[in-house]
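For reference, the chains in residue letters:
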Amino acid sequence: MLEKLFKLKQNNTSLKQEVVAGLTTFLTMAYIIFVNPMMLADAGMDHGAVFVATCLAAAIGCLIMGLLANYPIALAPGMGLNAFFTYTVVGEMGYSWETALGAVFMSGVCFLVLSLVKIREWIVNSIPMSLRLGIAAGIGLFLALIGLKSAGIVVASPATLVTMGDITSFPAVMASLGFFLIIAMVQRGWKAAVILSIMIVTVLGLLFGDVQYNGVMSLPPSIAPTFMKMDLSSVLEISMISVIFAFLFVDLFDTSGTLVAVAQRGGFLDDKGRLPRVKRALTADSVATITGAALGTSTTTSYIESTAGVSAGGRTGLTAVVVGVLFLAALFLSPLAGMVPAYATSGALFYVAILMMSGLINVDWDDLTEAAPVVVTCLLMPLTFSIANAIGFGFISYLVIKLLTGRIKDLNAGVVFIALLFLVKFIYG
């Protein structure tokens, strides 16, 4: 059956090799089962229900990707998009988390439609590479700020907006230790560096009496507080269009970039540099987002950590299926997830920020018309505490700068349309 489903021999792999690859991928991305519930709880959602939704959405996404597309690509609620969900849509814009889930659901539906009618390629190709790099790096800075804020390293200041907090406090010291541990372990090639760091800091919190022991395993909490609680009626408001667009664009860029990166690492691209069965892979991603929103979590997307599993020998969808099964097993770790303090995940957020900012090396810094919109997008994302607003300012600045410098040929219909759409949104609110 496995041979028929995944074509193991044809892909020069084995059951053992795929299981090892799946375990490797899971260990590199399992931190999301601790980080995501904590982040969405800040939006007022039930921690236990989000924990279950996170595990189920990841499991379903991985199983669909493995069985439908037969690629060793794992999925889970995406970092950055969960921060946008909580701190921008709910925190800054004032929408309820039910409405935010509705926006995630609609973005998933749009993604599915775009994937099926082959418009996705046109949209992705119409977005300048510099803006894509700027958006990714900006999200990285946004996550870094959230991590520093959670640890108390950066605090509010009436005089300077932000300032340094008490870096000798227990949370600040533990967060710093967690970050240093991740860097050291990653540099030494430890696949489970992030989750090990979270566990070590949590144990230290227990030993110093800052964390209360609640056990490690139990039956999963009820998902009822978030299941099918999305509000689709409010999504039709004009002001929500930019929110849906932000969810959609970031997911498009994340998924496209991840698919290409994993395909290149695994040698899955054809002679023309294209990914076979790409429509199936995109369908799996979009269906996972729709399902995740119904369960009660932010956008579910493909994880770049899948490259760890590919490097360990993963060649087929069986790797993704193994990851999905492990996420299902993680459902019984809810007491452990509930014990993890915010400062234990701060180091992980800062580490993810480093990964997301690494793409800035590919920006053409000698061309100011390309570099300036990147800086605008990067800086405004953490400083305005809004992914959507920063994306909007990035597109508008790109359009204006190209027009004023006579580089009209660098523009295309997609960029102009998106820039004008955001401009109307900013003017009329």
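Predicted, not measured: the structure shown is a model, and the values here were computed from it.

(A) Representation of the overall build of the protein. Looking only at helices and strands, the protein features 19 helices and 4 strands. Relative to the compact-globule value of 22 Å for 429 residues, the protein shows a C-alpha radius of gyration of 21 Å, a close match. With the C-alpha coordinates aligned to their principal axes, the bounding extent of the protein is approximately 60 × 60 × 45 Å. Counting every position in the protein, which comprises 429 residues, the buried fraction comes to 55%. Here the analysis covers contacts within the protein between residues at least 6 apart in sequence; of these, 80% occur between residues at least 24 apart. Of the roughly 17700 Å² that the protein leaves accessible, carbon and sulfur atoms contribute 68%.

(B) The arrangement of the pattern of salt bridges in detail. This model, assessed by the stated rule, comprises 5 salt bridges. The partner of Glu370 in a salt bridge is Lys402, with the nearest N and O atoms 2.8 Å apart. Separated by 32 residues along the polypeptide, Glu370 in helix H17 (residues 368-383) and Lys402 in helix H18 (residues 387-404) bring together distant segments of the chain. Its salt-bridge partner being Lys402, residue Asp410 comes within 2.9 Å of it at the nearest N-O pair. Judged by its relative accessible area of 24%, Asp410 falls in the partly exposed class.

(C) Looking closely at the side chain of Thr345. Relative to the assigned elements, Thr345 resides in helix H16 (residues 342-357). Given the relative accessible area of 4%, Thr345 is considered buried. Apart from residues lying up to four places away in sequence, Thr345 is in contact with Val35, Met38, Ile198 and Val340.

(D) Up close: the layout of surface pockets. Put simply, the second largest pocket is a space of about 350 Å³. When contributions to the lining of the second largest pocket are tallied by element, the ones reaching two or more residues are helix H8 (129-151), strand S2 (154-157), strand S3 (161-164) and H17. Taken together, the residues that form the lining of the second largest pocket break down as 11 nonpolar, 1 polar and 1 charged.

(E) Region of the structure containing a nonpolar patch on the surface. Side chains of Val113, Leu116, Val117, Ile119 and Trp122 sit close together on the surface and give an oily, nonpolar patch of about 470 Å² of accessible area. Within the secondary structure layout, Ile119 lies in the loop between helix H6 (97-116) and helix H7 (120-126).

(F) Quick look at the nonpolar core. With 122 residues, the main nonpolar core has Met79, Phe85, Ile198, Phe247, Phe327 and Ile391 as its most contacted residues. Considering each element in turn, this core owes the most residues, 12 residues, to helix H11 (residues 241-266). Non-local contacts of Phe247, meaning those with residues more than four positions away in its chain, are made with Leu81, Phe84, Phe85, Val89, Ala100, Ala103, Val104, Ser107 and Thr299. Core analysis: the second largest hydrophobic core is formed by 7 residues, Leu133, Leu360, Val363 and Ala371 among them.

(G) Highlighting the environment of Ala337. By the secondary structure assignment, Ala337 is in helix H15 (residues 334-339). Taking the C-alpha atoms as reference, Ala337 lies 7.8 Å from Phe51; in sequence the two are 286 residues apart.

(H) The arrangement of the packing of aromatic side chains in detail. Applying the stated criterion across every chain yields a total of 11 aromatic pairs. Centroid distance Phe84 to Phe247: 4.8 Å. Interplanar angle 65°. Geometry classified as edge-to-face. Of the two residues, Phe84 sits in helix H5 (residues 81-92) while Phe247 sits in helix H11, which places them 163 residues apart along the sequence. Both residues of the pair, Phe84 and Phe247, belong to the buried class. In this structure an aromatic cluster arises from ring pairing among Tyr87, Phe142 and Phe385. Just above the ring of Tyr71 sits the side chain of Arg277; from NZ or CZ to the centre is 4.2 Å.

Calculation notes
- Residues numbered from 1 in each chain as written.
- Predicted model: local features only at pLDDT ≥ 70, side-chain atom pairs only at ≥ 80, totals over all residues.
- Heavy atoms only, no water.
- Helix = DSSP H or I, 4+ residues; strand = E, 2+ residues; numbered from the N terminus.
- Rg over C-alpha atoms; globule rule 2.2 N^0.38 Å.
- Buried < 20%, exposed > 50% of the residue type's maximum accessible area, 1.4 Å probe, protein only.
- Contact = heavy atoms within 4.5 Å.
- Areas by Shrake-Rupley, 256 points an atom, 1.4 Å probe, with all protein chains shown as cover.
- Salt bridge = Lys/Arg side-chain N within 4 Å of Asp/Glu carboxyl O.
- 1 Å grid on protein atoms, 1.4 Å probe; cavity = no way out; pocket = protein on both sides within 12 Å on 5 of 7 lines; lining within 4 Å.
- Points joined across faces, edges and corners; volume = space filled by probe spheres on them.
- Nonpolar A, V, L, I, M, F, W, Y, C, P; charged D, E, K, R; others polar.
- Patch = residues over 30% accessible without salt bridge, like charges linked within 9 Å, V, L, I, M, F, W, Y side chains within 5 Å.
- Core = buried A, V, L, I, M, F, W, Y, C linked by side-chain atoms within 4.5 Å.
- Phe/Tyr/Trp six-rings, centres within 6.5 Å; stacked < 30°, edge-to-face > 60°.
- Lys NZ or Arg CZ within 6 Å of the ring centre and 35° of its normal.

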